[in-house]
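Coordinate analysis (summary)
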Amino acid sequence: MAVVVRAGAAPMWWFGVVAAGIGAVPEGVTGRRIGVLAGAALFLVGAAVVALVRRGRYTALSREAVRAGKYDVLQDRAVTVRAWRRGHRWWLLLGWAVALGSAFAVPAAGGMLLAGLGTGLRLKAAWLGRVERARETLLWVRVDWLDRRGGRPAGKAVKGLRGTGVAAGDAAPGGARRRTAALV
């Protein structure tokens, strides 16, 4: 589940950083200083809202998680990330274009908001990782319960979560890539 949440964090962060960097060049309507200050506030608000929204649903789903069965379809981390990014690529590009276009009114603010949304997703995935470590289980969403673009891990279609041991699959708790031990 944390893999799906974390899949959008990196693209949103990088698109936001690039849009904020390019967006700091024009003077804009409000001026650069006000734009950057507004962007910093939007970054913090966006990160907090995304990190905190729907925590109750995630907690309820994780409490009711059952052991993954023989016929549950679970995906690799890389496949999940690729599916999410492919399914949301046009939304990401549209968000980047809007953030870049808003720089002519309020410099850097739109890009900083987009980066804040990516940071919020990363914080939510880290929180889910702490939940997984505390329960000593990886939480999975069945692939057939995700939407057609590979997202909405706590949506209406998700009836429950599946759990496996923390060593299962190629994802570590929190959705990060599992580090392999170095051969000595």
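In this report, we go over the structure that sits alongside the text. The structure displayed is predicted, hence computed values, not measured ones. (Residues numbered from 1 in each chain as written. Predicted model: local features only at pLDDT ≥ 70, side-chain atom pairs only at ≥ 80, totals over all residues. Heavy atoms only, no water.)

A closer look at the overall build of the protein chain
Looking only at helices and strands, one finds 7 helices and 3 strands in the protein chain. With the principal axes as the frame, the protein chain shows a C-alpha extent of 60 × 45 × 30 Å. Taken over 184 residues, the protein chain has a buried fraction of 42%. Taking the intrachain contacts of the protein chain between residues at least 6 apart in sequence as the baseline, contacts between residues at least 24 apart amount to 84%. Summed over its atoms, the accessible surface of the protein chain is roughly 10400 Å², and 65% of this surface lies on carbon and sulfur atoms. In the protein chain, the 29 positive side-chain charges and the 9 negative ones have mean positions that sit 4 Å from each other. (Helix = DSSP H or I, 4+ residues; strand = E, 2+ residues; numbered from the N terminus. Buried < 20%, exposed > 50% of the residue type's maximum accessible area, 1.4 Å probe, protein only. Contact = heavy atoms within 4.5 Å. Areas by Shrake-Rupley, 256 points an atom, 1.4 Å probe, with all protein chains shown as cover. Lys, Arg positive; Asp, Glu negative; His and termini not counted. Charge placed at Lys NZ, Arg CZ, Asp CG, Glu CD.)

Notes on a nonpolar patch on the surface
Together, W13, W14 and V17 make up a nonpolar patch on the protein surface, roughly 310 Å² of accessible area in all. Mapping W13 onto the fold places it in helix α2 (residues 9–23). (Patch = residues over 30% accessible without salt bridge, like charges linked within 9 Å, V, L, I, M, F, W, Y side chains within 5 Å. Salt bridge = Lys/Arg side-chain N within 4 Å of Asp/Glu carboxyl O.)

Topic: the sheet that holds strand β1 (residues 66–67)
Through backbone hydrogen bonds, the strands of a sheet pair up, either in parallel or in antiparallel fashion. Taken in spatial order, the 3 strands of this open sheet run β1-β3-β2, and their pairing is mixed. Lying at the two open borders of the sheet, with one neighbouring strand each, are β1 and β2 (138–140). Examined bridge by bridge, β2 and strand β3 (residues 162–164) share 3 bridges and lie antiparallel to one another. Across the sheet, the residue bridging to L139 is G163, located in β3. (Pairing = 2+ DSSP bridges.)

Brief notes about the packing of helix α3 (residues 32–52) against helix α7 (residues 109–135)
Packing of α3 against α7 leaves a shortest axis separation of 7 Å and a crossing angle of 25°. With respect to their mutual orientation, α3 and α7 come out roughly parallel. In this structure, α3 meets α7 at a crossing whose hand is right-handed. Seen from α3, the contacting residues are G35, V36, G39, A40, L42, F43, G46, A47, V50 and A51; seen from α7, they are A109, M112, L113, A115, G116, L117, T119, G120, L121, L123 and K124. Broken down by class, the residue content of the contact of α3 with α7 amounts to 14 nonpolar, 6 polar and 1 charged. (Axes fitted to C-alpha atoms, helices over the stretch in contact; angles between N-to-C directions. Parallel < 35°, antiparallel > 145°, perpendicular 65-115°, else oblique. Left-handed = near helix turned anticlockwise from the far one by under 90°. Nonpolar A, V, L, I, M, F, W, Y, C, P; charged D, E, K, R; others polar.)

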